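# Report on the structure
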Amino acid sequence: MSPESSASGEGDPPAADNTFAATAAGGTAASVSAATADAHPQGRAHFQQQLHELESHALGGLDLIIEQLDRVLEALRHQDVELAQMVIADDDRVDGRYLEVHQGILSLLALQAPVAGDLRLVAALLHMIKHIERMGDQCVNIAKLIPLSGYEPPVRPEVLGALAKMGANARSEVVQAKAAFGGRDVGLAEDLVRQDREINRLNREIFRMAIEIGDDPDTREWAMHMILVARALERIGDNAVDIGEQVAFVVTGLFREFSDSSRGPGGAGGEVSAGPGGAF
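Below or above, wherever it landed, is the structure these notes cover. (Residues numbered from 1 in each chain as written. Predicted model: local features only at pLDDT ≥ 70, side-chain atom pairs only at ≥ 80, totals over all residues. Heavy atoms only, no water.)

What follows is about the overall build of the protein chain. Each helix and strand in the protein chain was counted, giving 11 helices and 2 strands. Secondary structure of the protein chain in N-to-C order comes out as α-α-α-α-α-α-α-α-α-α-α-β-β. Relative to its 280 residues, the protein chain shows a buried fraction of 41%. Long-range contacts, defined as pairs at least 24 residues apart, comprise 76% of the intrachain contacts of the protein chain with a sequence gap of at least 6. Surface summary for the protein chain: the accessible area is close to 14,000 Å², and the carbon and sulfur share equals 55%. (Helix = DSSP H or I, 4+ residues; strand = E, 2+ residues; numbered from the N terminus. Buried < 20%, exposed > 50% of the residue type's maximum accessible area, 1.4 Å probe, protein only. Contact = heavy atoms within 4.5 Å. Areas by Shrake-Rupley, 256 points an atom, 1.4 Å probe, with all protein chains shown as cover.)

Shown next, in the form of structure tokens:
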């Protein structure tokens, strides 16, 4: 053995030896990960920084949705075909954010082995960015419906008014979902259901107004398009609630649906454990 190789063998054991020692001692995956983290404190700090940046990018995706929603609601209010086309074209930004966060998470998983709270956060971010992409698609769906009735459609103010209320509630849900996730506020996340009930009520009201709108073919066609707009807004609200459910998962380790449809005879929401032993 050369002097150089002998010298290099002195000092602290490598990370692999620490990990092996923890495993041989009957340690769990968490203790193994802790041993590796102790051996590479700088690598662990870098992992936490990357995870924080990915969360910030994902939450920034909700800001993009708010921008898209504001513009499509403005286009709907004024039946502005040109503005609707801008919403469609700008969906590439939302899709790009989805790919950026999704690929970043996959790269992080390939290099690290997150456990416990970190693993819950990674899983929640994957769900959240998926819901963000879906909300962007719903904004595009609304924008595509606006030109179908022409540049001067036979609008009904009462229908547009109800849609404006739906849109305001959907926007508020998106803002609240972002605040709840960023602050790990389960109570704020659960409150999303209250606003979602109002969106569902307005959705039913718009459907009723549409089927009672009269016999003029052009007006009826426009009303049918507005039913689809209401459905898209309702889905945006549902996706915001889904993001709220991820807040509870990150904090408690249990997935729990907030919607009334998930409540059993006892009135409690259904809970699904995240792993064989209960919570992650």
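Anyway, onward from the coordinates.
A few words now on a negative patch on the surface. Negative charge collects at one region of the surface, where D215, D216, D218 and E221 lie side by side. Within the fold, D218 resides in helix 11 (residues 217–252). (Patch = residues over 30% accessible without salt bridge, like charges linked within 9 Å, V, L, I, M, F, W, Y side chains within 5 Å. Salt bridge = Lys/Arg side-chain N within 4 Å of Asp/Glu carboxyl O. Lys, Arg positive; Asp, Glu negative; His and termini not counted. Charge placed at Lys NZ, Arg CZ, Asp CG, Glu CD.)

On to a nonpolar patch on the surface. Residues F207, I211 and M224 make up a contiguous nonpolar surface patch of about 270 Å² in total accessible area. Along the chain, the position of M224 falls in helix 11. Taking the relative accessible area as the measure of exposure, M224 reaches 35% and is therefore partly exposed.

In this structure the tally under the stated criterion is 15 salt bridges. Between D90 and R71 there is a salt bridge whose closest N-O contact spans 2.5 Å. Linking D90 in the loop between helix 5 (81–89) and helix 6 (91–111) with R71 in helix 4 (residues 41–78), this pair joins segments that are 19 residues apart in sequence. Under the relative-accessibility criterion, R71 is labelled partly exposed at 22%. Close ionic contact of R231 with E234 constitutes a salt bridge, the shortest N to O distance being 2.4 Å. Residue R231 and its partner E234 are both found in helix 11; the two are separated by 3 residues, about one turn of the helix. The class of R231 is partly exposed, set by a relative accessible area of 44%.

For the pair helix 10 (residues 192–211) and helix 11, the least separation of the axes is 9 Å and the interaxial angle reads 170°. Between helix 10 and helix 11, the angle falls in the class roughly antiparallel. Classifying every residue of the contact of helix 10 with helix 11 by side-chain character gives 15 nonpolar, 4 polar and 5 charged. (Axes fitted to C-alpha atoms, helices over the stretch in contact; angles between N-to-C directions. Parallel < 35°, antiparallel > 145°, perpendicular 65-115°, else oblique. Nonpolar A, V, L, I, M, F, W, Y, C, P; charged D, E, K, R; others polar.)

Let us look at the environment of R71. As a C-alpha pair, R71 and C139 span 68 residues in sequence and 9.1 Å in three-dimensional space. Every residue in contact with R71, bar those within four places of it in the chain, is listed here: L83, M86, V87 and D90.

Most often, soluble globular proteins keep nonpolar side chains buried together rather than apart. By size, the foremost hydrophobic cluster in this structure holds 71 residues, and its most contacted members are L125, M128, I132, L163, F181 and L233. Contributions of two or more residues to this core are made by helix 4, helix 5, helix 6, helix 7 (116–145), helix 8 (157–183), helix 9 (186–190), helix 10 and helix 11. By residue number, the principal contributor to this core is helix 11, which donates 16 residues. Not counting chain neighbours up to four residues away, the residues in contact with L125 comprise L51, L54, E55, A58, I105 and F181. (Core = buried A, V, L, I, M, F, W, Y, C linked by side-chain atoms within 4.5 Å.)

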